[in-house]
Amino acid sequence: MAKFMDVHRGMKGVTADQLREAHRADLAIEGDESVHFEHAWADPESGIVYCLSEAPSAEAVQRIHERAGHPADEVHAVPLEV
């Protein structure tokens, strides 16, 4: 499985509780697409949220985010890790 970093924009003012709730919504259904969301980060000031996942495809990541109610603006493969 490949790793992916996705980006959500327009979430200015997001709180830790809101980020946690969104992450939990992804975790609740991630198995439907064989995706595993590993971590999420947010910058409330800029409104950008980043999610790291392992998945069979970028499309699978996006489908889970869409179903959870927060589609990603970008999904990037992360093929190299050190």
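Residues numbered from 1 in each chain as written. Predicted model: local features only at pLDDT ≥ 70, side-chain atom pairs only at ≥ 80, totals over all residues. Heavy atoms only, no water.

- Under an unreviewed UniProt entry, the name given to the protein chain is SCO4226 family nickel-binding protein, and the organism recorded is Streptomyces bangladeshensis.

## Re the environment of Ala28
- In this structure, Ala28 sits in helix H1 (residues 16-29).
- Under the relative-accessibility criterion, Ala28 is labelled exposed at 66%.
- The spatial distance from the C-alpha of Ala28 to the C-alpha of Ala2 is 20 Å, given a sequence separation of 26 residues. (Helix = DSSP H or I, 4+ residues; strand = E, 2+ residues; numbered from the N terminus. Buried < 20%, exposed > 50% of the residue type's maximum accessible area, 1.4 Å probe, protein only.)

## Describing helix H2 (residues 58-68)
- Of the residues making up H2, those classed as buried are Ala60, Val61, Gln62, Ile64 and His65.
- Taken together, the buried residues of H2 touch strand E1 (2-8), H1, strand E2 (36-43), strand E3 (48-55) and strand E4 (74-77).
- With its phi angle positive at about 100°, Gly69 sits one or two positions after the end of H2. (Contact = heavy atoms within 4.5 Å.)

## Quick word on the pattern of salt bridges
- What the rule picks out here adds up to five salt bridges.
- Lys3 is paired through a salt bridge with Glu38; the nearest N and O atoms lie 2.9 Å apart. One end of the pair, Lys3, is in strand E1; the other, Glu38, is in strand E2, with 35 residues separating them in the sequence.
- Glu38 sits in the partly exposed class, given a relative accessible area of 29%.
- With a shortest N-O distance of 2.8 Å, Arg20 and Asp17 are connected by a salt bridge. With Arg20 and Asp17 both in helix H1 and three residues apart, the pair spans about one turn of that helix. (Salt bridge = Lys/Arg side-chain N within 4 Å of Asp/Glu carboxyl O.)

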